[in-house]
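So you can see what is in the structure, the chains are spelled out below.
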Amino acid sequence: MIFVGPMSLSTLLADLAAHMQTDQFRQLACDPEHPTAFQRRRKLPLPALIALMLTGMRKSVQTELDAFFGHLQQQAQLLRKVSGQAFAQARAKLSTTAIPALNDWLLEQAGRHGYVPRWNGLRLVAADASTVRFGLRASHVKRAALPDQLVFGLFLPGAELMLAASLHSVHESERQMLFEHLDRLSSDDLLLLDRGYPCRWLPAVLNQRGIPFCMRVEQSGNGGFACVRQFLRSELDEQIVTLRAPDHRDAVDYECPAMALTVRLVRHVASPGKVRVLMTNLLDSARYPASQFGDLYHQRWRIEEAFKRLKHRLNLEHVSGLSQRAVVQNLAARVLCDNLQALTTLTAHTCHELPPDRRINRAYVHSVLKPLLPSLLLGIAAATLLADALALIARHTFRHRPGISKQRRPRSKPHKSMTQKPC
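Residues numbered from 1 in each chain as written. Predicted model: local features only at pLDDT ≥ 70, side-chain atom pairs only at ≥ 80, totals over all residues. Heavy atoms only, no water.

A. Summary view of the overall build of the protein chain. Each helix and strand in the protein chain was counted, giving 16 helices and 10 strands. For 423 residues, the compact-globule formula gives about 22 Å, and the C-alpha radius of gyration of the protein chain, at 23 Å, lands near that figure. In the protein chain, the share of contacts with a sequence separation of at least 24, taken over all contacts with a separation of at least 6, comes to 69%. Split by element, the accessible area of the protein chain, about 20800 Å² in all, is 50% carbon and sulfur. Positive and negative charge centroids in the protein chain, built from 55 and 35 side chains respectively, lie 8 Å apart. (Helix = DSSP H or I, 4+ residues; strand = E, 2+ residues; numbered from the N terminus. Rg over C-alpha atoms; globule rule 2.2 N^0.38 Å. Contact = heavy atoms within 4.5 Å. Areas by Shrake-Rupley, 256 points an atom, 1.4 Å probe, with all protein chains shown as cover. Lys, Arg positive; Asp, Glu negative; His and termini not counted. Charge placed at Lys NZ, Arg CZ, Asp CG, Glu CD.)

Here is the structure:
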């Protein structure tokens, strides 16, 4: 992987600040119903609006606005310049695709700067969904958001970056969500999936598109693939098997061939002694040894940690608006905020040469970056501020002990109402 240093991150943030100032981004950021928005010079122009949302708004809108303009003036006091109503009017003119487009731009630049590692030449991509319960109240807002929704994500475990995220109904299938995001993947990616995804049509679709995959397929009882149950009863470490062809209706719906598919099964014994079966279309056992698939599949867990950060550290469920547009914008802003923190964490770890068993405290990274992001995202003294922040972040680490697992205890989700925002 290319060396990642403070200069590359400083350049990346400066380029991001310049990109948000371009007329091309302004045209993309305008809602179709407001094509002439963000042309006049206002107290909250488009770059400042985006920078405010990317700071990870967790408190009341007015408090976040006052803190934002205070940070821009390099002062600790809150500074009243813009009202919460002006913020609501500005975000109503912001397209829901603007911040996701910024995230795509950032990930493309991050790949060029060497932030995204590869496994045997493949980029690892984990896919999963998680339930969210937004802290909404009763209102008469048009197209109001539903409290309970699903957030689906594509995540890059090695770089700790969210490739894409979207909101869906709780009644929608996670396989359908994945199918709608497959255009973001290519033959250079390796898709990591958990047990909720295996079916006969999905491997056929992935194989037809040339997308490598590794998915966990064993099921409890007599469920799942018959060839997997036979493989579990055997003592083999790996085996090439043939899956039955997808149903004709599924083949038509998902535009995949209704033909039998050859895949490879790999046995992995986890540290507690639990046996897992992993299915992949990487059939070359010399190039892709079976011994590597256990650690490979374990990297899928990083997307679970990403969802936890978004919901509990960045307070995804504490919304700054009541409409579906507002919660979609909130999700996109928090995803990009988390990605900026991930790039900062990786840079601090690399340029300060921390030992391999030390990990940086991501919660502390958020605390350090929040007052600096307004200046960094608007191109104000980025290099000096960033160097001091990286040195401070590198001093707050903890020891990482691999191979330690704790059984998850069943408990209720710690959802909070809209009146319980941080102060």
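B. The packing of aromatic side chains, seen in detail. Within the structure shown, the criterion is met by 6 aromatic pairs. Ring centres 6.1 Å apart and planes at 70 degrees place the aromatic pair Trp119 and Phe293 in the edge-to-face group. Of this pair, Trp119 sits in the loop between helix H6 (98-112) and strand S1 (123-133) while Phe293 sits in helix H11 (residues 293-298), and the two are 174 residues apart along the sequence. Among the aromatic residues, those joined into a cluster by ring pairs are Trp119, Tyr288 and Phe293. In this arrangement the basic side chain of Arg267 is found over the ring face of Phe231, its NZ or CZ atom lying 5.1 Å from the centre. (Phe/Tyr/Trp six-rings, centres within 6.5 Å; stacked < 30°, edge-to-face > 60°. Lys NZ or Arg CZ within 6 Å of the ring centre and 35° of its normal.)

C. Representation of the packing of helix H3 (residues 46-54) against helix H5 (residues 84-92) within the structure. At their nearest, the axes of H3 and H5 sit 11 Å apart, and the two run at 105 degrees to each other. Relative to H5, the element H3 lies roughly perpendicular. Two secondary-structure elements touch here, H3 through Leu49, Leu52 and Met53 and H5 through Phe87, Ala90 and Arg91. When the residues that make up the contact of H3 with H5 are grouped by side-chain class, the tally is 5 nonpolar, no polar and 1 charged. (Axes fitted to C-alpha atoms, helices over the stretch in contact; angles between N-to-C directions. Parallel < 35°, antiparallel > 145°, perpendicular 65-115°, else oblique. Nonpolar A, V, L, I, M, F, W, Y, C, P; charged D, E, K, R; others polar.)

D. Quick look at the pattern of salt bridges. A full pass over the atoms with the stated rule returns 21 salt bridges. Note that Arg123 is salt-bridged to Asp189, the shortest N-O span being 2.7 Å. With a gap of 66 residues between them, Arg123 in strand S1 and Asp189 in strand S4 (residues 189-193) connect regions that are remote in the sequence. Asp189 shares its class with Arg123; the two are buried. Its salt-bridge partner being Glu160, residue Arg309 comes within 3.8 Å of it at the nearest N-O pair. One end of the pair, Arg309, is in helix H12 (residues 302-313); the other, Glu160, is in the loop between strand S2 (148-156) and strand S3 (161-168), and 149 residues separate them in sequence. Relative accessible area serves as the criterion here: at 13%, Glu160 is assigned to the buried category. A cluster of three or more residues bridged by salt bridges with shared partners is formed by Glu160, Arg302, Arg309, Asp338 and Arg362. (Salt bridge = Lys/Arg side-chain N within 4 Å of Asp/Glu carboxyl O. Buried < 20%, exposed > 50% of the residue type's maximum accessible area, 1.4 Å probe, protein only.)

E. Fine view of the side chain of Ser320. Within the secondary structure layout, Ser320 lies in the loop between H12 and helix H13 (324-351). Side-chain polar atoms of Ser320 contact the side chain of Arg91, separated by 2.6 Å. In terms of polar contacts, Ser320 uses its side chain to reach the side chain of Asn330, at 3.0 Å. (Polar contact = N/O pair within 3.5 Å; in protein donor to acceptor, adjacent residues only side chain to side chain.)

F. Molecular detail of the sheet that holds strand S8 (residues 275-280). Within the open sheet, the 8 strands sit side by side as S3-S2-S1-S4-S5-S8-S7-S6. Their pairing is mixed. Every interior strand has two partners, whereas the edge strands, S3 and strand S6 (238-243), have only one. The sheet shows a mean angle of 25 degrees between the axes of neighbouring strands, taken without regard to direction. Pairing analysis gives 6 bridges linking S6 to strand S7 (residues 261-269), with the strands arranged antiparallel. Paired with Glu238 across the bridge in S7 is Val266. Packing against the sheet, helix H8 (residues 201-208) makes contact with S4, strand S5 (213-216), S6, S7 and S8, and its axis sits at approximately 165 degrees to S5. (Pairing = 2+ DSSP bridges.)

G. Highlighting the state of the cysteines. For the coordinates displayed, the defined rule picks out 0 disulfides. Of the cysteine sulfurs around Cys199, a residue in no disulfide, the closest is that of Cys256, at 8.9 Å. For Cys199, a relative accessible area of 10% puts it in the buried group. Sulfur of Cys214: no disulfide; nearest cysteine sulfur belongs to Cys227 and is 15 Å away. Taking the relative accessible area as the measure of exposure, Cys214 reaches 0% and is therefore buried. (Disulfide = S-S within 2.5 Å.)

H. Highlighting the nonpolar core. In this structure, Leu94, Leu178, Leu191 and Met279 are the most contacted members of the largest nonpolar core, which totals 101 residues. When residues in this core are grouped by element, the largest group, 8 residues, is from H3. Beyond its immediate sequence surroundings of up to four residues, Leu191 is in contact with Val125, Ala127, Leu178, Leu185, Leu206, Ile211, Pro212, Phe213 and Cys214. Within the second largest apolar cluster, 33 residues are counted, among which are Val266, Ala290, Phe293 and Cys337. (Core = buried A, V, L, I, M, F, W, Y, C linked by side-chain atoms within 4.5 Å.)

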